[in-house]
Amino acid sequence: MREAMARARVGDDVFGEDPTVNQLETMAAAMLGKEAGLLVTSGTQGNLVSLLSHCHRGDEVIMGHDSHTYNYEQVGSAVLGGIAPRIVPNQADGTLRLDDIEAAIMPDNVHFGTSRLISLENTHNRRGGVYLTPAYTQAVADLAHSRGLKLHIDGARIFNAAVAQGVDVQELVKDADSVTFCLSKGLSAPVGSVVVGSADFIKRARRMRKVLGGGMRQAGVIAAAGIVALTEMVDRLAEDHTNARMLAAGLAQMPGITPEPVYTNILYFQVDHPRYTAQELQDALAAQGVGVLALGLGRIRAVTHYGITADDIAETLEIMQMLLS
Ligand SMILES: Cc1ncc(COP(=O)(O)O)c(C=O)c1O
């Protein structure tokens, strides 16, 4: 990736003149089966650009109470766009019940905001990396479209969802009107995400990216890493999933540790140990060179990715054993 970045041909992307950015955007759109793509700085910016491009002030976006967009993005669409989140409960499998979505769609009445968009998350971060299926996503898209709404997918880890289910990523986004996915995270690029959708939608999204300060000039150096991510880093995600399962199986044997189910590359585990809170265990692991994240209520998140090998997992389990017993 570093070599590709160093060699990248660049131009001014704000004028559409960076050949490497253009190549990445075209490649990403083709992979996801959409007309056009847009390189953005981050998953947060991709979701924000998408919501601002679908909606106007006074519109509502239906999203899950545990979604990343609601919890970890400062609800930017409300702050900057006057767009209100309409929250429905996320189920344990990351879905929103169709009945709940239906009930959250406001009637056309002067008292209410205008329901404009549904946003799904695949894979679901706070639900342990669980994936949504093509059939479920299709059902939500059908519901959205039958009621005149659009569907956005926060697919920060959509390729993990595809690899885990053994389906083409296009199956997971077929009737979505927009998708954000991250080149960083599991795909291992240092920075960047891509938004894909129709040519018209991406034209609006490009304006939104600019007003948010996301026009990046010679961004080909970033896009070059993204091209390597899409060509070389997708299939190997299966290795991360295997490693996460191996970690969970080992942790299940440890005193005071209860792992949650593993679906992809994310593992949450509960700490209920006489000597450690979750935060103390995070600190003790960090001192041994193992990075995890304590998230409150005794829960820790571990994520597997490129550069973490099966040997690293075995070593982590030895360190955990040493600390906990
Ligand atoms: C599901 C999901 N969406 C969006 C994001 C935001 O991505 P970024 O950190 O690149 O802004 C994340 C980050 O963890 C995420 O897990």
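Data block above holds the structure.
Rules and cut-offs
Residues numbered from 1 in each chain as written. Predicted model: local features only at pLDDT ≥ 70, side-chain atom pairs only at ≥ 80, totals over all residues. Heavy atoms only, no water. Helix = DSSP H or I, 4+ residues; strand = E, 2+ residues; numbered from the N terminus. Rg over C-alpha atoms; globule rule 2.2 N^0.38 Å. Buried < 20%, exposed > 50% of the residue type's maximum accessible area, 1.4 Å probe, protein only. Contact = heavy atoms within 4.5 Å. Areas by Shrake-Rupley, 256 points an atom, 1.4 Å probe, with all protein chains shown as cover. Pairing = 2+ DSSP bridges. Axes fitted to C-alpha atoms, helices over the stretch in contact; angles between N-to-C directions. Parallel < 35°, antiparallel > 145°, perpendicular 65-115°, else oblique. Left-handed = near helix turned anticlockwise from the far one by under 90°. Nonpolar A, V, L, I, M, F, W, Y, C, P; charged D, E, K, R; others polar. Near = heavy atom within 4 Å. Polar contact = N/O pair within 3.5 Å; in protein donor to acceptor, adjacent residues only side chain to side chain.

Undergrad: Could you give an account of the overall build of the chain, with specific residues and numbers?
TA: Within the chain, the regular secondary structure consists of 14 helices and 11 strands. The C-alpha atoms of the chain give 20 Å as radius of gyration, which agrees with the globular expectation for 325 residues (20 Å, within 12%). Dimensions of the chain along its principal axes, counting C-alpha atoms only, are 60 × 55 × 35 Å. The burial tally for the chain puts 53% of its 325 residues in the buried class. Of the contacts made within the chain by residues no fewer than 6 positions apart, 71% connect residues no fewer than 24 positions apart. For the chain, the exposed area adds up to about 14,200 Å²; of that, 51% sits on carbon and sulfur atoms.

Undergrad: I'd like a description of the sheet that holds strand β9 (residues 266–271), backed by residues and values.
TA: What the four strands build is an open sheet, ordered β8-β9-β11-β10; its pairing is antiparallel. Two strands close off the open sheet at either side, each with one partner strand: β8 (257–259) and β10 (293–294). Strands β8, β9 and β11 (299–303) of the sheet are contacted by helix α12 (residues 237–251), whose axis makes an angle of about 15 degrees with β9.

Undergrad: Can you explain the packing of α12 against helix α14 (residues 310–324)? Please cite residues and give values.
TA: Packed helices, taken two at a time, are described by the angle between their axes plus the distance between the axes. Running from N to C, α12 and α14 cross one another at 20 degrees; their axes reach a closest spacing of 10 Å. Comparing the axis directions of α12 and α14 gives the class roughly parallel. Crossing of α12 over α14 shows right-handed handedness. The residues of α14 that touch α12, namely those facing N243, M246, L247, G250 and L251, are A310, I313, A314, T316, L317 and M320. Residue composition of the contact of α12 with α14, grouped by class: eight nonpolar, three polar and no charged.

Undergrad: Give me the site of the ligand: which residues, what numbers.
TA: Around the ligand, the surrounding shell consists of S42, G43, T44, N47, H68, E73, E121, N125, D154, A156, R157 and K185. T44 places a side-chain nitrogen or oxygen 2.6 Å from an oxygen atom of the ligand. Here an oxygen atom of the ligand sits 2.9 Å away from a polar atom, N or O, in the side chain of K185. With three residues, the single largest contributor to the shell around the ligand is helix α3 (residues 43–54). A per-class count over the shell around the ligand returns one nonpolar, six polar and five charged.

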